[in-house]
Amino acid sequence: MVTGIPGRNTAAPPDPGTLPGLADALRADAARMEEYARTLRATAATLGGLAEAPDWSGPALERQASSCLVAAEQLRTAAAALDSHARPATAPG
């Protein structure tokens, strides 16, 4: 799982000993990945305004940001799968 963003105040982690707790942790990681993507894009925009920044830096940061968003979606998909397993089975009826 992804570590926290330095300087960020986070709530107590969910109980990782349960499926709902693991799903919550995955959703929290997905949110952090989205925050990382925003930070990468902001950095790319800042570098774009600097004459001394290498030409490759903006596209490289954009690729990394896109990868973060893909990872966030995958984490949410995994959380949804865990949620479906955590629901009690109902008898047909």
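Structure's up top.
What this report covers is the structure whose coordinates are included nearby. (Residues numbered from 1 in each chain as written. Predicted model: local features only at pLDDT ≥ 70, side-chain atom pairs only at ≥ 80, totals over all residues. Heavy atoms only, no water.)

## Side note on the pattern of salt bridges
Any two side chains of opposite charge can pair if their charged atoms end up close together. Inclusion rule: Note on definitions: salt bridges are taken to be side-chain nitrogens of Lys or Arg within 4 Å of carboxyl oxygens of Asp or Glu. Helical segments are the DSSP runs of H or I of at least four residues, strand segments are the runs of E of at least two, and each set is numbered from the N terminus. Type-normalised accessible area, obtained with a 1.4 Å probe on protein chains alone, sets the label of each residue: buried when under 20%, exposed when over 50%, and partly exposed for intermediate values.
Taken as a whole and assessed by the stated rule, the structure comprises 6 salt bridges. Here Asp24 makes a salt bridge to Arg27, at a shortest N to O gap of 2.8 Å. Separated by 3 residues within a single helix, Asp24 and Arg27 lie in helix α1 (residues 19–48), roughly one turn from each other. By relative accessible area, Asp24 is classed as partly exposed at 37%. Several salt bridges converge on common partners, so that one network encompasses Asp24, Arg27 and Asp83.

## What to know about the nonpolar core
We count it as follows: Joining through side-chain atoms within 4.5 Å is the link that ties buried Ala, Val, Leu, Ile, Met, Phe, Trp, Tyr and Cys residues into a set, and such a set is a nonpolar core. Any two residues whose heavy atoms approach within 4.5 Å are treated as being in contact.
By size, the foremost hydrophobic cluster in this structure holds 6 residues: Ala30, Met33, Ala37, Ala65, Cys68 and Ala72. Mapped onto this core, the elements with two or more residues apiece are α1 and α2 (57–86). Leaving out residues up to four positions away in the same chain, Cys68 has contacts with Met33, Tyr36, Ala37 and Leu40.

## Some points on α1
Our working definition: Expected helix span is computed as 1.5 Å times (number of residues minus one). Polar contact is defined as a pair of N or O atoms within 3.5 Å, subject to the rule that within protein one atom must be able to donate a hydrogen and the other to accept it, and that residues adjacent in sequence are counted only when both atoms are side-chain atoms.
When the terminal C-alpha atoms of α1 are compared, their 43 Å separation across 30 residues agrees well with the 44 Å that a helix rising 1.5 Å per residue should span. Residues of α1 that are buried: Gly21, Ala23, Ala25, Leu26, Asp29, Ala30, Arg32, Met33, Glu35, Ala37 and Ala44. In this fold, the buried residues of α1 make contact with α2. For α1, the capping residue at the N-terminal end is Thr18, with a side-chain oxygen 3.0 Å from the backbone nitrogen of Gly21.

## Remarks on α2
The periodicity of an α-helix, 3.6 residues per turn, causes residues three or four positions apart to be oriented the same way. Given a rise of 1.5 Å per residue, 30 residues ought to cover 44 Å, and the 43 Å separating the end C-alpha atoms of α2 matches this to within 8%. Buried within α2 we find Ser57, Ala60, Leu61, Ala65, Cys68, Ala72 and Ala79. Packing partners of the buried residues in α2 comprise α1.

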